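# Architecture and fold: a report
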Amino acid sequence: MKNNQDNYFEEYIKNQSDEKVEILKDFFQEFHTHCLLKNTEKKILREDFEKAILYYETIGVPIEKALELLDIKYLGGFYARPPILWFALDDAAKIYPMSMKHGSMPIFRMSVYLKKDVVPELLQMALNFTIKRFPSFATTLKKGFFWHYLDTAKRRFCIEQESDIPCQPIQVSYSGSQSFRVLHYNNRISVEFFHVLTDGTGGMTFLKTLTAEYLRLAEAEIVSDETLWDVNNIPSEEEFENAFAKVPQSDTASGFIDKSAVQMSGRLAINMPCRIVHLKIDTLQLKEAAKKYNTTVTGYLLLLMFVAGKAATDELSGDISIQVPVNMRKFYPSETVRNFSMYCGIRIPIAKISDTPSIIDEINEQLHKKASKEAMNEMLTSTEKMVNMLKFVPLAVKQPVAKVIYGFLGDKIFTNTLSNLGVVEMPASISKHIDSMDFILGTAITNRAGCSVVTFDNTTNFSIAKMTVDPSFEEKMYDLLQADGVEVCVEGSGYYEN
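For the structure given in this document, a descriptive report is provided here. (Residues numbered from 1 in each chain as written. Predicted model: local features only at pLDDT ≥ 70, side-chain atom pairs only at ≥ 80, totals over all residues. Heavy atoms only, no water.)

### Structural notes on the overall build of the protein chain
- Regarding its fold elements, the protein chain presents 14 helices and 15 strands.
- Taking 2.2 N^0.38 as the reference for a compact globule, 498 residues should give roughly 23 Å; the C-alpha atoms of the protein chain span a radius of gyration of 24 Å, in line with that estimate.
- In terms of overall dimensions, the protein chain has C-alpha extents of about 80 × 55 × 45 Å along its principal axes.
- The buried share among the 498 residues of the protein chain stands at 55%. (Helix = DSSP H or I, 4+ residues; strand = E, 2+ residues; numbered from the N terminus. Rg over C-alpha atoms; globule rule 2.2 N^0.38 Å. Buried < 20%, exposed > 50% of the residue type's maximum accessible area, 1.4 Å probe, protein only.)

Shown next, in the form of structure tokens:
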């Protein structure tokens with residue numbers, strides 16, 4: 001029995017001239033030479049083209065122009081070749097699949113808000129055309145005897161209409177399942193990644209490329225530049241290498257173990273995150289405020305987070321510690337879109353946190369020392385030593401131990417996280433179609449909040465993923481920014497039902 005899509009497209013064909021019918025016949029014949037997926041997958045991928053053609057028809061795009069936009073050449077050879085690639089996990093990713101617990105998974109999310117609502121038919125085609133450019137994303141997670149690994153999955157990767165709480169665990173246990181989501185809601189395109197695939201830099205590269213391809217299909221005039229990957233370029237080995245392997249080992253190694261940090265108060269919610277809050281800030285005002293304290297934007301936000309963190313806890317002693325991811329590409333330039341980040345912990349005794357100016361010198365000093373190239377090399381050396389020690393230990397033995405270590409030590413040594421992606425640059429021909437961007441961290445096991453920052457078009461979006469309904473932290477952040485003359489626009493969700 002034929003579905004409605006078959007009927008709609010058949011009716012469309014019947015209303016075309018013989019010449020256009022022949023053009024469509026040739027078009028889909030070309031499609032079949034570029035697609036050797038299983039029949040069920042092939043049928044769905046063909047329907048994606050049909051839906052896009054029907055959409056173009058409804059807005060008056062001539063068939064010749066529609067088929068030019070949807071040219072089969074944009075599929076490349078991705079769907080016509082058998083899967084042969086597989087990828088060992090990079091050094092930072094090895095712990096992620098082993099440390100997963102039920103309901104907890106390291107996920108992060110990036111979103112772009114367009115000035116017009118998203119057309120799902122075109123977004124699906126944009127993903128169909130984009131995925132070939134990211135072979136390490138076109139994979140499924142599998143268990144080896146000693147380690148997990150990424151195996152190429154030649155399939156149709158699908159978009160979804162958003163209907164759930166952000167950053168929910170991704171089902172990766174099924175054969176062929178993808179390790180990322182592409183979601184749409186009104187004018188928003190979001191991509192959620194299982195951290196095993198990539199870090200913030202790699203994720204943003206994918207989102208920018210996908211957005212550009214979507215806008216091309218929406219008939220925007222795209223003029224590319226060096227800030228944007230060409231979706232039709234052939235991937236290079238460097239783009240999906242384990243870049244950690246190129247970093248020289250340090251003479252000394254620093255460990256990951258530290259004492260437990262103070263946690264913000266408030267009962268953990270059942271749904272996590274239970275709320276997402278965005279503080280949208282004028283970037284120039286933010287820079288001016290940071291300048292007054294003789295620090296960077298990251299240093300200034302850390303300063304406020306320490307004060308707000310103290311206001312959000314009943315603890316009177318101990319340390320507040322904030323995890324700060326560090327992009328290793330600034331020390332060792334690389335095109336990789338896989339994980340190439342380490343982290344440092346900025347730690348201050350809660351008794352020392354009395355007013356905002358008093359601790360800025362300590363924050364600056366720790367950032368300078370702990371986020372340095374030398375400190376990152378030491379931590380990476382420690383990582384490699386740990387990986388080498390476990391190299392020949394069967395995964396069945398390693399995995400339970402990793403869960404215990406991560407659950408009882410991993411995030412307990414931190415109070416909060418500040419992940420700053422920095423400024424996102426795009427060609428002007430794309431930026432003019434974008435209203436804003438945001439970046440959200442998934443939940444930790446014990447931390448009550450996770451903070452992330454992205455700047456686009458002179459707006460810095462400071463996002464807080466909440467794990468408790470206690471609003472003390474975000475309210476204090478707002479008050480501190482306002483006190484420094486920084487205007488703040490608050491957006492986000494209500495509380496998700498508990």
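### Overview of the nonpolar core
- Ranked by internal contacts, the top residues of the largest apolar core, which has 88 residues, are Phe49, Ile53, Phe180, Phe206 and Tyr214.
- For Phe180, the residues in contact, after removing those within four places along its chain, are Leu127, Ile131, Phe137, Phe157, Ile170, Val191, Glu192, Phe193, Leu197 and Phe206.
- Of all hydrophobic cores here, the second largest spans 58 residues; its members include Ile350, Ile359, Ala371 and Leu481. (Core = buried A, V, L, I, M, F, W, Y, C linked by side-chain atoms within 4.5 Å. Contact = heavy atoms within 4.5 Å.)

### What to know about empty space enclosed by the protein
- Counted by the stated rule, this structure contains 2 cavities of 30 Å³ or more.
- Computed from the structure, the largest cavity encloses a volume of approximately 40 Å³.
- Met264, Ser265, Ala312, Arg448, Lys466, Thr468, Asp470, Ser472 and Phe473 are the residues that line the largest cavity. (1 Å grid on protein atoms, 1.4 Å probe; cavity = no way out; pocket = protein on both sides within 12 Å on 5 of 7 lines; lining within 4 Å. Points joined across faces, edges and corners; volume = space filled by probe spheres on them.)

### Quick word on the packing of helix α6 (residues 120-130) against helix α7 (residues 200-217)
- Running from N to C, α6 and α7 cross one another at 125°; their axes reach a closest spacing of 8 Å. Judged on the interaxial angle alone, α7 and α6 are oblique. The crossing of α6 and α7 is right-handed. Here Leu122, Leu123, Met125, Ala126, Leu127, Phe129 and Thr130 of α6 lie close against α7, whose contacting residues are Phe206, Thr209, Leu210, Glu213, Tyr214, Arg216 and Leu217.
- Residues that form the contact of α6 with α7 fall into these classes: 10 nonpolar, 2 polar and 2 charged. (Axes fitted to C-alpha atoms, helices over the stretch in contact; angles between N-to-C directions. Parallel < 35°, antiparallel > 145°, perpendicular 65-115°, else oblique. Left-handed = near helix turned anticlockwise from the far one by under 90°. Nonpolar A, V, L, I, M, F, W, Y, C, P; charged D, E, K, R; others polar.)

### Brief notes about the pattern of salt bridges
- Summed over all chains, the structure comprises 17 salt bridges.
- Taking the shortest distance from any N to any O, the salt bridge between Arg46 and Glu50 comes out at 2.9 Å. With Arg46 and Glu50 both in helix α3 (residues 39-58) and 4 residues apart, the pair spans about one turn of that helix.
- Between Lys280 and Glu491 there is a salt bridge, with its nearest N and O atoms 3.7 Å apart. On the criterion of sequence distance, the pair formed by Lys280 in strand β8 (residues 275-282) and Glu491 in strand β15 (residues 488-492) is long-range, its members being 211 residues apart.
- Owing to a relative accessible area of 38%, Glu491 belongs among the partly exposed residues under this scheme.
- Through salt bridges with shared partners, one network takes in Arg109, Glu162, Arg181, Arg188 and Glu192. (Salt bridge = Lys/Arg side-chain N within 4 Å of Asp/Glu carboxyl O.)

### Regarding the packing of helix α9 (residues 297-311) against helix α10 (residues 360-370)
- Two numbers describe how α9 lies on α10: the axes approach to 10 Å, and their chain directions differ by 125°. Of the possible angle classes, the one that applies to α9 and α10 is oblique. In the packing of α9 onto α10, the handedness of the crossing is right-handed. Counting all contacts with α9, which are made through Gly299, Leu302, Leu303 and Phe306, the residues of α10 involved are Ile360, Ile363 and Leu367.
- Of the residues assigned to the contact of α9 with α10, the class counts are 6 nonpolar, 1 polar and no charged.

### Overview of α6
- Within α6, 9 of the 11 residues are buried, which leaves it mostly tucked inside the rest of the structure.
- Looking at α6, one finds that the buried residues are Leu122, Leu123, Gln124, Met125, Ala126, Leu127, Asn128, Phe129 and Thr130.
- Next to the buried residues of α6 lie α3, α4 (63-69), β5 (159-161), β6 (180-185), β7 (188-194) and α7.

### Notes on the environment of Arg448
- For Arg448, the location among the structural elements is in the loop between β12 (434-441) and β13 (449-456).
- The buried category is assigned to Arg448, whose relative accessible area is 16%.
- Taking the C-alpha atoms as reference points, Arg448 and Lys287, 161 residues apart in sequence, are found 27 Å from one another.
- Apart from residues lying up to four places away in sequence, Arg448 is in contact with Gln263, Met264, Ser265, Gly266, Leu268, Ala465, Lys466, Met467 and Thr468.
- In terms of polar contacts, Arg448 uses its side chain to reach the backbone carbonyl oxygen of Thr446, at 2.7 Å. (Polar contact = N/O pair within 3.5 Å; in protein donor to acceptor, adjacent residues only side chain to side chain.)

### Remarks on the environment of Leu54
- Note that Leu54 resides in helix α3.
- Take Leu54: its relative accessible area is 18%, and that puts it in the buried class.
- Sequence separation of Leu54 and Leu123 is 69 residues, and the distance between their C-alpha atoms is 14 Å.

### A word on unusual backbone geometry
- Here the bond from Met272 into Pro273 is cis, since omega is -5°, no more than 30 degrees from zero.
- One can find Pro273 in the loop between α7 and β8.
- Phi at Cys167 is positive, roughly 60°, even though this residue is not glycine.
- If you trace the backbone, Cys167 turns up in the loop between β5 and β6.
- Judged by relative accessible area, which is 3%, Cys167 ranks as buried.
- In the Ramachandran plot, Asn186 falls in the positive-phi region, its phi being about 55° despite a non-glycine side chain.
- On the secondary structure map, Asn186 appears in the loop between β6 and β7.

### Notes on the sheet that holds strand β4 (residues 148-152)
- In spatial order, the strands read β1-β4-β3; together these 3 strands make up an open sheet with antiparallel pairing. The open sheet terminates on both sides in strands that have one partner only, identified here as β1 (86-88) and β3 (139-143). Between one strand and the next, the sheet's axes are offset by a mean angle of 30°, whatever the strand orientation.
- Here 3 bridges tie β1 to β4, and the two strands are oriented antiparallel to one another. Bridged to Ala88 within β4 is Tyr149. (Pairing = 2+ DSSP bridges.)

### Topic: the sheet that holds strand β2 (residues 107-114)
- Pairing within the open sheet is mixed, and its 5 strands lie in the order β5-β6-β7-β2-β12. Each having just a single partner strand, β5 and β12 make up the two edges of the open sheet. Within this sheet the neighbouring strands show an average axis-to-axis angle of 20°, counted without direction.
- In this fold α6 packs onto β5, β6 and β7, with an angle of close to 160° to the strand it touches most, β6.
- Sheet contacts for α7: β2, β6, β7 and β12; angle to β2, the most-contacted strand, approximately 30°.

The quantities given are spatial measurements derived from coordinates; they are silent on function.
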